[in-house]
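Analysis of the macromolecular model
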Amino acid sequence: MTYVIHGATGAQGAPVVAALAAAGKSVTALTRNPEAVVDGARVVAAGYDSADELTEVYGGVEGVFVHLPMVSEEDRQAYARNILAAVRAARPARVVFSTSGAPVGPDSGGAAAMLAGGLADIGVSHAAIAPTFYLENLLMPYVIDTVRERGVLPYPIRADFPVSWASHLDIADAAVALFGCPDVIGVVSVGQYPAITGPDLAEAFGARFGKNVVFEPITPEQFCTFVAPLIGEGPAAGVAGVYAAMGTLPDRSIAPENSAQKLLGIAPRTTSQWLADIGLSP
């Protein structure tokens, strides 16, 4: 039996491919580039925009790992409908869906909620991995370059705003565990608990770099300016809106009762462990 991984050459999919391959599993890597080479996997060119292509790939597989790319909401909803149509037709044994931090409650609306609700309606075995913030966000050029050059870690949250940070490596660990635990269904929160603040992040970076690093809150609008060249003006504006809305909340902490720590026995990496695992150098 094989596992199908969406975005297999991307930030979330690639670690899932690597973790499954390391566990000796058969892996099919989905990518838009038919000439891509993915270690430990068979490459299949198939896109979110074709329900027929996805149906063919999903047939008879042990598991599918899926997440929605950062494109317009209209496109995300179209992709969610295609994924659901393919799951309904092909009936893979298990679907693991990363929300990428998007809300999935039935009243929240949006593509991620549509996908989560649709999987439940279809009745296939499924689970949703729900991270809050990705530690990899801190590797964006503006953020990490400012750490290196000025000893300042800038991010669009308050200094006293606790966050349950997680890395893409933690998502991969949870995905592999969920494929092996079909009795775990619904939402599984992945992130550090207790949640940590911006100064806690800065302290970990300072220890890694061997110098003093301080945290600097920036506005969502400033952050939008920095990330727009990487992801586009529209998605960047959407991200800025999310951070602006979060500014009204007391925290972004996971709930321990539906955490990977409790449901899967997996503790996500601390910031220091993550920095060591990725080999980040000053």
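First things first, this report covers the structure right here in the doc. (Residues numbered from 1 in each chain as written. Predicted model: local features only at pLDDT ≥ 70, side-chain atom pairs only at ≥ 80, totals over all residues. Heavy atoms only, no water.)

Turning our attention to the overall build of the protein. Along the protein, the regular secondary structure elements total eleven helices and eleven strands. A compact globule built from 282 residues would reach a C-alpha radius of gyration of about 19 Å, and the protein, at 19 Å, matches this within 12%. In terms of principal-axis extent, the alpha carbons of the protein reach across some 55 × 40 × 35 Å. For the protein, the proportion of its 282 residues judged to be buried stands at 49%. For the protein, the exposed surface amounts to about 12100 Å²; the carbon and sulfur share of it is 54%. (Helix = DSSP H or I, 4+ residues; strand = E, 2+ residues; numbered from the N terminus. Rg over C-alpha atoms; globule rule 2.2 N^0.38 Å. Buried < 20%, exposed > 50% of the residue type's maximum accessible area, 1.4 Å probe, protein only. Areas by Shrake-Rupley, 256 points an atom, 1.4 Å probe, with all protein chains shown as cover.)

Take the nonpolar core next. Among the nonpolar cores identified, the biggest contains 34 residues, and L138, L153, Y155, I157, W165 and F205 are the most heavily contacted of them. Listed by contribution, the elements that provide at least two residues to this core are α5 (141-150), β8 (152-155), α7 (198-209), α8 (220-231), α9 (233-246) and α11 (271-278). Among residues more than four places away in sequence, those in contact with I157 are F133, V163, W165, F215, P217, I218 and Y243. If you look at the next biggest cluster of nonpolar residues, it comprises 30 residues, including V4, V57, V87 and A112. (Core = buried A, V, L, I, M, F, W, Y, C linked by side-chain atoms within 4.5 Å. Contact = heavy atoms within 4.5 Å.)

When the terminal C-alpha atoms of helix α6 (residues 168-179) are compared, their 17 Å separation across twelve residues agrees well with the 16 Å that a helix rising 1.5 Å per residue should span. In terms of burial, α6 is a largely internal element, nine of the twelve residues being buried. Taken together, the buried positions of α6 are occupied by H168, D170, I171, A172, A174, A175, A177, L178 and F179. Here α6 starts with a cap whose side-chain oxygen sits 3.1 Å from the backbone nitrogen of L169, and that cap is S167. (Expected span 1.5 Å × (residues − 1). Polar contact = N/O pair within 3.5 Å; in protein donor to acceptor, adjacent residues only side chain to side chain.)

In this section: the sheet that holds strand β5 (residues 95-98). Pairing is parallel in the open sheet, where seven strands are placed in the order β3-β2-β1-β4-β5-β6-β10. Edge positions in the sheet fall to β3 (42-45) and β10 (186-190), since each has one partner strand and no second. On average, each strand axis in the sheet is tilted by 20° relative to the strand beside it, whichever way the strands run. Alignment of strand β1 (residues 2-5) against strand β2 (residues 26-31), held across four bridges, turns out to be parallel. When the bridges of β2 are listed, V4 appears paired with T28. (Pairing = 2+ DSSP bridges. Axes fitted to C-alpha atoms, helices over the stretch in contact; angles between N-to-C directions.)

Our focus in this paragraph is the environment of G198. By secondary structure assignment, the location of G198 is in helix α7. Along the chain, G198 and F161 lie 37 residues apart, while their C-alpha atoms are 7.2 Å from each other. Those residues in contact with G198 that sit more than four places away from it in its chain are A159 and F215.

Here β8 shows no split at all, with V152 and P154 on one side and L153 and Y155 on the other all buried. Bridging between β8 and strand β11 (residues 214-217) involves four bridges; their strand directions are parallel. Counterpart to V152 in the pairing with β11 is V214.

Right, let's get into the side chain of S164. Within the secondary structure layout, S164 lies in the loop between β8 and β9 (165-166). What makes S164 buried here is its relative accessible area of 0%. Within the structure, S164 has its side chain in polar contact with the backbone oxygen of Q192 (distance 2.7 Å). With near-sequence residues (within four places) excluded, S164 lies in contact with T132, F133, V190, G191, Q192, A195, R252, S253 and I254.

Counted by the stated rule, this structure contains seven salt bridges. In this structure, R32 and D49 form a salt bridge, with 3.9 Å as the shortest nitrogen-oxygen distance. One end of the pair, R32, is in the loop between β2 and β3; the other, D49, is in the loop between β3 and α2 (51-58), with 17 residues separating them in the sequence. The exposure class assigned to R32 is exposed, which follows from its relative accessible area of 53%. The shortest N-O distance in the salt bridge between R269 and D173 comes to 3.0 Å. Here R269, found in the loop between α10 (260-263) and α11, pairs with D173, found in helix α6; they are 96 residues apart in sequence, far enough to count as distant. Judged by relative accessible area, D173 falls into the partly exposed class, the value being 31%. (Salt bridge = Lys/Arg side-chain N within 4 Å of Asp/Glu carboxyl O.)

In this section: the packing of helix α3 (residues 73-90) against helix α4 (residues 111-122). Between α3 and α4, whose axes approach to 9 Å, the crossing angle comes to 15°. Comparing their axes, α4 and α3 come out roughly parallel. As for the relative orientation of α3 and α4, their crossing is right-handed in sense. Facing α3, whose interface residues are E73, R76, Q77, A80, R81, I83, L84, V87 and R88, α4 presents A111, A112, M114, L115, G118, L119 and I122. (Parallel < 35°, antiparallel > 145°, perpendicular 65-115°, else oblique. Left-handed = near helix turned anticlockwise from the far one by under 90°.)

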